[in-house]
Amino acid sequence: MHFPFGSLVLAGAFVLFSGCKKVCDTDDLPRYSLTSSLRDWSAPYPKDAVLRFRNASTGYVRSYRVTKVENETPGIHFGVDPCPQHYREYTSHVLERSDSTGGRENKSMKFDVFAATNTTRLQASFVIGSTSFALPFEEIENGTLVLSSATFAGRTYSAVVGRTSGVVAFPAGGVTLTAYLTKAEGLIRFEESGGTVWDRVL
């Protein structure tokens, strides 16, 4: 009996990957988790929550709904090795414009936090359109970065994180240049090129 070469390759691949769980020793692998204090930064973005922002000069309000929430601790692989080297927890939240489709720069937002490992620092970011802001949660949590209060749209917030993007020269219209957030309320304000400001409606 003859078997097509392609079938033999597929059969071999099936044996290789179906046996992966048998040959991978995952019982004693390191597991890198987020602390409860770090997870609290994602509390303002539960599934289906709606965040609203108002532009004072026009009175227009933008609404963003949390459409996707993930909190996983997947196995991390390196190269072609089918076995994971460690487990690393992350939390991810996607927000989409719910009042209209919007353009590229104001259609969606994304909040991510990845646990630190023995070789990688904690990674946290907030993305608005094409702009990504690195968030210094590690420094905030260990006390090396002290936050101050700020007042926006007549409301005073304590412990505000303010980040400015690395966009230089002449950014396109609508590109977010600065973002502000707190641990309790999440994103509270963002400022676009051209001076347009959006303040959180709470």
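For the structure itself, look to the data block above.
Residues numbered from 1 in each chain as written. Predicted model: local features only at pLDDT ≥ 70, side-chain atom pairs only at ≥ 80, totals over all residues. Heavy atoms only, no water.

## So, the state of the cysteines
And then number 1: What the rule picks out here adds up to one disulfide.
And then number 2: Note on cysteine connectivity: Cys24 is disulfide-linked to Cys83, with sulfurs 1.9 Å apart. Its S-S torsion of approximately -85 degrees makes the covalent link between Cys24 and Cys83 left-handed. Residue Cys24 is found in the loop between helix H2 (20-23) and strand S1 (31-32), and its partner Cys83 is found in the loop between strand S4 (75-76) and strand S5 (86-88); the two are separated by 59 residues along the sequence.
And then number 3: Overall, the relative accessible area of 10% leaves Cys24 in the buried class. (Disulfide = S-S within 2.5 Å. Helix = DSSP H or I, 4+ residues; strand = E, 2+ residues; numbered from the N terminus. Buried < 20%, exposed > 50% of the residue type's maximum accessible area, 1.4 Å probe, protein only.)

## What to know about the sheet that holds S4
The strands that make up a sheet pair up through hydrogen bonds in the backbone, lying either parallel or antiparallel.
And then number 1: Taken in spatial order, the three strands of this open sheet run S1-S5-S4, and their pairing is mixed. Looking at which strands have only one partner, the edges of the open sheet turn out to be S1 and S4.
And then number 2: Here S4 runs beside S5; their pairing, made up of two bridges, is antiparallel. What sits directly across from Gly75, in S5, is Tyr87. (Pairing = 2+ DSSP bridges.)

## A word on the pattern of salt bridges
And then number 1: Overall, the coordinates contain 13 salt bridges when judged by the stated rule.
And then number 2: Between Asp99 and Arg97 there is a salt bridge; the shortest N-O distance is 2.7 Å.
And then number 3: On the accessibility criterion, Arg97 (11% relative accessible area) is buried.
And then number 4: Beyond isolated ion pairs, a larger network of salt bridges with shared partners links Lys47, Asp48 and Arg65. (Salt bridge = Lys/Arg side-chain N within 4 Å of Asp/Glu carboxyl O.)

## Focus on the side chain of His93
And then number 1: With respect to the helices and strands, His93 occurs in strand S6 (residues 90-97).
And then number 2: Taking the relative accessible area as the measure of exposure, His93 reaches 4% and is therefore buried.
And then number 3: Reaching out from His93, the side chain makes a polar contact with the backbone oxygen of Tyr45 at a distance of 2.9 Å.
And then number 4: Looking at His93, its side chain comes within polar contact range of the side chain of Thr91, at 2.9 Å.
And then number 5: Discounting residues that sit within four places of it in the chain, His93 has contacts with Ser42, Tyr45, Lys68, Val69, Met109, Lys110, Phe111 and Asp112. (Polar contact = N/O pair within 3.5 Å; in protein donor to acceptor, adjacent residues only side chain to side chain. Contact = heavy atoms within 4.5 Å.)

## Comments concerning the sheet that holds strand S12 (residues 176-182)
And then number 1: Read across the sheet, 11 strands follow the order S9-S8-S7-S6-S3-S2-S14-S13-S12-S11-S10 without closing on themselves; strand pairing throughout is antiparallel. The sheet terminates laterally at strand S9 (131-134) and strand S10 (148-152), the two strands that pair on one side only. For this sheet, the mean angle separating the axes of adjacent strands, direction not counted, is 30 degrees.
And then number 2: Pairing analysis gives three bridges linking strand S13 (residues 186-192) to strand S14 (residues 197-201), with the strands arranged antiparallel. When the sheet's bridge partners are listed, Arg189 is paired in S14 with Asp199. (Axes fitted to C-alpha atoms, helices over the stretch in contact; angles between N-to-C directions.)

## What to know about the packing of aromatic side chains
And then number 1: Within the structure shown, the criterion is met by 11 aromatic pairs.
And then number 2: Ring centres of Phe152 and Tyr157 lie 6.5 Å apart, and the angle between their planes is 40 degrees; this geometry places the pair in the tilted category. We note that Phe152, like Tyr157, is buried.
And then number 3: Clustering of aromatic rings is evident, with ring pairs tying together Trp41, Tyr45, Phe111, Phe126 and Phe137.
And then number 4: Across from the ring centre of Tyr87, 4.6 Å away, lies the NZ or CZ of Arg31, which sits over that ring. (Phe/Tyr/Trp six-rings, centres within 6.5 Å; stacked < 30°, edge-to-face > 60°. Lys NZ or Arg CZ within 6 Å of the ring centre and 35° of its normal.)

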